[in-house]
Amino acid sequence: MKHLDAPNKISFSLSQDFQIAAEAWGNPDHPPVFMLHGIGQSKQYWGDTASKIAQNGWYAIALD
């Protein structure tokens, strides 16, 4: 696992032709928190918040 300030790049395959990019902070064995951004933002928007959530025992996942 990387340091909580440095996210892991992950993706979710919904079909052979469709994937969702994401970044994750924390331990994947912990309960997940999914973070969605608004228009004009990206998964990187959540970096500071996701790191703090991970430090408190959650697995923070920011989706694009």
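Note that the coordinates shown come from a computational prediction; the quantities given were computed from them, not determined experimentally.

### Section: the sheet that holds strand 3 (residues 32–35)
Pairing in this open sheet of four strands is mixed, and the strands run 1-2-4-3 from one edge to the other. Where the open sheet ends on each side, the last strands, each with one partner, are strand 1 (8–15) and strand 3. Looking at each pair of strands side by side, their axes are set apart by 30 degrees on average, direction ignored. Pairing between strand 1 and strand 2 (residues 18–25): seven bridges, direction antiparallel. Bridging across to strand 2, Asn8 finds its partner in Ala24.

### Let's talk about the environment of Thr49
Among the secondary structure elements, Thr49 is positioned in helix 1 (residues 47–55). Take Thr49: its relative accessible area is 36%, and that puts it in the partly exposed class. Between the alpha carbons of Thr49 and Ala60 there is a distance of 8.9 Å; along the sequence they are 11 residues apart.

### Brief notes about the pairing of strand 3
Across four bridges, the pairing between strand 3 and strand 4 (residues 59–63) is parallel. Its bridge partner lying in strand 4, Met35 is registered against Ala62. Read as a crossover between parallel neighbours, the route from strand 3 over helix 1 to strand 4 is right-handed.

### Brief notes about a nonpolar patch on the surface
On the surface, Phe12, Leu14, Phe18 and Phe34 cluster together into a nonpolar patch covering about 410 Å² of accessible area. Positionally, Leu14 belongs in strand 1. Given a relative accessible area of 54%, Leu14 falls into the exposed group.

Parameters at a glance
- Residues take numbers from 1 onward in each chain, read along the sequence in its written order.
- With pLDDT at 70 or above as the cut-off, local features in this predicted model cover only qualifying residues; side-chain atom pairs require 80 or more to be listed or tallied, and sums for whole chains, interfaces and linings still use all residues.
- Calculation of side-chain values draws on the structure's entire complement of heavy atoms; hydrogens and water are dropped beforehand.
- We call two strands paired when DSSP finds no fewer than two bridges between them.
- A run of H or I in DSSP counts as a helix once it spans at least four residues, and a run of E counts as a strand once it spans at least two, with each numbered from the N terminus.
- In this description, a line fitted to the C-alpha atoms serves as the axis of each element, helices being fitted only across the stretch in contact, and the angle between N-to-C directions of two axes falls anywhere from 0 to 180 degrees.
- Think of it in three bands: with a 1.4 Å probe and only protein chains considered, a residue is buried below 20% of the maximum accessible area for its type, exposed above 50%, and partly exposed in between.
- Throughout, right-handed denotes a crossover for which the path from the first strand over the helix to the second runs clockwise when the strands point away from the viewer.
- Here, patches come from residues exposed beyond 30% relative accessible area and free of salt bridges, joined within 9 Å for like charges and within 5 Å for nonpolar side chains (Val, Leu, Ile, Met, Phe, Trp, Tyr).
- For the accessible areas, the method is Shrake-Rupley and the probe is 1.4 Å, while residue cover comes only from the protein chains on display.
- When a carboxyl oxygen of Asp or Glu lies within 4 Å of a side-chain nitrogen of Lys or Arg, that pair is called a salt bridge.

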